[in-house]
Amino acid sequence: MATGEAVLPPLGSEDLARSQDRSRVVDARLSGHRLRLFWLLVGPGILAMLGENDGPSMISYATTGATYGLGFFVPFVIVTFAMAAVCQEMAMRVGAVTHRGYGELVLQRYGKAWGWFGAGDLLFTNLVTLIAEFVAIRVGLAYFHLGPKVAAALGVALVLFTLSGGRYWRWERIVLGLAAFNGLFLVAAILVKPHVGTLVHSLTFTPLPGGSLNTLLLLVASTIGATVTPWMIFFQQSASADKGMTPADVRHGRIDTVTGAVLAAVFGIGALIAGAALATHNGGAINGLAGAGFPAALRRVAGSAVGTVFALGLIEAGAVAILTISASTAYAAGECIGVTHSFNSTWRAAAIFHGANIGVALVAAAVVLIPGAPLLSIALNANVLATVLLPVALVFLLMLANDRELMGRWVNRRARNLVAVAIAAFVTLAGTAYAVDSFLQTIHAIPS
Amino acid sequence: MTEPPDIDEELVMFLERDQLVADTSVPVSPAVLGRRVRLGLWALRGFVLVTSAMVIITFVSDLH
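Note that the structure is a prediction, hence the values are computed from the model and not measured. (Residues numbered from 1 in each chain as written. Chains lettered and ligands numbered in written order. Predicted model: local features only at pLDDT ≥ 70, side-chain atom pairs only at ≥ 80, totals over all residues. Heavy atoms only, no water.)

K.L.:
Residues and numbers for the overall build of chain A, please.
P.N.:
When its secondary structure is counted, chain A shows 21 helices and zero strands. Taking 22 Å as the expected radius of gyration for a compact globule of 448 residues, we find that chain A reaches 21 Å, a close match to that expectation. If you line up chain A on its principal axes, its C-alpha atoms span 70 × 50 × 45 Å. A total of 448 residues make up chain A; the buried ones form 61% of that total. (Helix = DSSP H or I, 4+ residues; strand = E, 2+ residues; numbered from the N terminus. Rg over C-alpha atoms; globule rule 2.2 N^0.38 Å. Buried < 20%, exposed > 50% of the residue type's maximum accessible area, 1.4 Å probe, protein only.)

Take a look at the structure:
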């Protein structure tokens, strides 16, 4: 509230829309309505976390459960989401303090080459991931005897529908409403009636998954890849700025981020538990996105309700990820080109932003409809592609969060830096090991 | 007698000055990087080149 004394610059519809949202936040804060304030300020953190509980991730969790049971991976999923929360908190804080997105800050502070590399790699990785999301929706819809055209139409229609509100607030609330259905995976877990003793025992990180060190490394890397990703960093920082968050909201931004991480971990473990119901029924054979058989296999083993809930969960997971990942692409495009990039802007004022949002979803939907397209290969490689960008994204996020000129007193404290650097190093190491291992298998230097 | 404030101006009071589009449209200045950071970024460039080559080969190979 520092605009009163000076002459105001020309105001646009984006400023007015954002100020209306902020007026509600200020009202709630002044009147001491804590729950209302929480309700108004949650969003970017929960959406980033539940958006990453996407179709391929949930199938990956279920596959892990079906192959290895619960041991090790239940606590490991909790650890990975704790790591994600640390990274995402920095993105939220930088967005709230600077009011600028990740892409534009990297481009302006560290040079066009890094900015465009980040945006270009993000665009490609997001496109590949979006294709995988449409495949996940297709897998879920196939359970109800619906085809790929319905999956493609549903995904694109959702993007158009959420954009039609013309406001960040409306977009965020619609996607949050959809994201609540990520809880279907928890319902599926309850319905398969897991053995509580086994679940509690798994919290001791035992038993370790069988197989070679190489296999364990791949599983660890792919689980991290399902939790900490570049698009989440781009998305949460830009969405926090677009929402109009300020340094005064950082505490609520942290609550939002941790709430998202807890929900995502619980629902992800739900998919793991549901998949583990198939562990003694050759469930490991239903792997990857070829796992179109997951809902049907669950129906056979645990009843039709579980199959139906799991199939609906996959449709939700794919749909929410399409919306959030398309949004992160649009933010990155607008920020790097240097044009208006806000859900609060009109279609005419933010043509590139809205065009990128719809365009990337349309291209992914079109690829899914191409007969004979190597969808499985594309989907399985989405995480490998992200391994190049993730270390770069984390390094620049750390640099931004430590940039005193930008962040002032909101820079990372020493303890937070130690934790963040350790996480970035671990994630980079695991991701790089994953990329190197995949490469060595491709050139047949090691057995696949 | 002063004029009543314009409704738009009254609303915009809820925004911080540096939140206005007119302000966020102005680029921030490039960072002044120390020698160690510049060296680190060159190492990052090397990492990107090597891993990009590996990932592209893996990706293209898996498509076939």
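K.L.:
Give a description of the side chain of Lys-243 of chain A that names residues and reports values.
P.N.:
All names here are of chain A. If you trace the backbone, Lys-243 turns up in helix α13 (residues 230-243). Residue classification places Lys-243 among the buried positions, given a relative accessible area of 6%. Within polar-contact distance, the side chain of Lys-243 engages the backbone oxygen of Val-42 at 3.2 Å. If sequence neighbours within four positions are ignored, Lys-243 has contacts with Arg-18, Arg-22, Leu-40, Leu-41, Val-42, Pro-44, Tyr-168, Trp-169, Glu-172 and Arg-173. (Polar contact = N/O pair within 3.5 Å; in protein donor to acceptor, adjacent residues only side chain to side chain. Contact = heavy atoms within 4.5 Å.)

K.L.:
Describe the environment of Thr-308 of chain A, with residues and values.
P.N.:
Residue and element names in this part refer to chain A. Here Thr-308 shows up in helix α16 (residues 304-337). Sequence-wise, Thr-308 and Ser-19 are 289 residues apart; in three dimensions their C-alpha atoms are separated by 43 Å. Thr-308 has contacts with Tyr-143 and Phe-144, leaving out every residue within four places of it along the chain.

K.L.:
Can you explain the interface of chain A and chain B? Please cite residues and give values.
P.N.:
Contact residues are listed per partner, giving 56 residues for chain A and 39 residues for chain B. Both faces considered, chain A and chain B share a buried interface measuring about 4200 Å² in area, 71% of it formed by carbon and sulfur atoms. Linking chain A to chain B there are zero salt bridges. Taken together, the links from chain A to chain B amount to eleven residue pairs in polar contact (both at pLDDT 80 or more). Among the elements of the structure, α1 (13-31), α6 (102-110), α7 (112-142), α18 (375-380), α19 (382-401), α20 (404-407) and α21 (414-442) of chain A are those that each provide at least two residues to the side of chain A that touches chain B. Residues that form the side of chain A that touches chain B fall into these classes: 32 nonpolar, 16 polar and eight charged. (Buried area = accessible area lost by both parts, 1.4 Å probe. Salt bridge = Lys/Arg side-chain N within 4 Å of Asp/Glu carboxyl O. Nonpolar A, V, L, I, M, F, W, Y, C, P; charged D, E, K, R; others polar.)

K.L.:
Would you mind going over the packing of aromatic side chains in detail, with residue names and values included?
P.N.:
The tally for this structure, following the rule as stated, stands at 18 aromatic pairs over all chains. Plain terms: the ring middles of Tyr-68 of chain A and Phe-73 of chain A are 6.2 Å apart, the flat faces sit at 40 degrees to each other, and that makes the pair tilted. Residue class for Tyr-68 of chain A comes out partly exposed when judged on its relative accessible area of 27%. Here the aromatic residues Tyr-168, Trp-171, Trp-231, Phe-235, Tyr-331, Phe-343 and Phe-353 of chain A are joined through ring pairs into a cluster of three or more. Geometry around Trp-169 of chain A places Arg-24 of chain A over its ring, the cationic atom sitting 4.7 Å from the centre. The ring of Trp-42 of chain B carries the charged tip of Arg-45 of chain B above its face, separated from the ring centre by 4.2 Å. (Phe/Tyr/Trp six-rings, centres within 6.5 Å; stacked < 30°, edge-to-face > 60°. Lys NZ or Arg CZ within 6 Å of the ring centre and 35° of its normal.)

K.L.:
Please set out helix α15 (residues 294-302) of chain A residue by residue, giving values where relevant.
P.N.:
All names here are of chain A. The set of residues buried in α15 consists of Phe-294, Pro-295, Ala-296, Ala-297 and Leu-298. At its buried positions, α15 is contacted by α4 (55-68), α14 (250-276) and α16. Looking one or two residues past α15, Gly-303 carries a phi angle of roughly 105 degrees, positive in sign.

K.L.:
Can you tell me about unusual backbone geometry, naming the residues and giving the values?
P.N.:
All names here are of chain A. In this structure, His-145 is a non-glycine residue whose phi angle is positive, near 60 degrees. Summarising the element assignment, His-145 is placed in the loop between α7 and α8 (148-163). Residue His-145 is classed as exposed on the basis of its relative accessible area, which comes to 75%. A positive phi angle, near 50 degrees, is found at Lys-193, a position not held by glycine. As for its position among the elements, Lys-193 is in the loop between α10 (184-191) and α11 (196-202). For Lys-193, a relative accessible area of 70% translates into the label exposed.

K.L.:
Tell me about the nonpolar core, and name the residues and values.
P.N.:
Residue and element names in this part refer to chain A. Membership of the largest hydrophobic core comes to 150 residues, with the highest contact counts inside it found for Tyr-102, Phe-235 and Phe-396. The biggest single contributor to this core is α16, with 17 residues. When neighbours within four sequence positions are excluded, Phe-235 is seen to be in contact with Pro-44, Leu-47, Ala-48, Trp-171, Thr-324, Ala-327, Ser-328 and Tyr-331. If you look at the next biggest cluster of nonpolar residues, it comprises six residues, including Val-25, Leu-37, Leu-40 and Trp-169. (Core = buried A, V, L, I, M, F, W, Y, C linked by side-chain atoms within 4.5 Å.)

K.L.:
Account for the pattern of salt bridges, naming residues and giving values.
P.N.:
All names here are of chain A. Taken as a whole, this structure holds 14 salt bridges over all chains when the rule is applied. Across the pair Lys-243 and Glu-172 runs a salt bridge whose closest N-O atoms are separated by 2.9 Å. Here Lys-243 is found in helix α13, whereas its partner Glu-172 is found in helix α9 (residues 168-179), with 71 residues between them in sequence. An identical accessibility class is assigned to Lys-243 and Glu-172; each is buried.

Keep in mind these numbers describe shape, not what the thing actually does.
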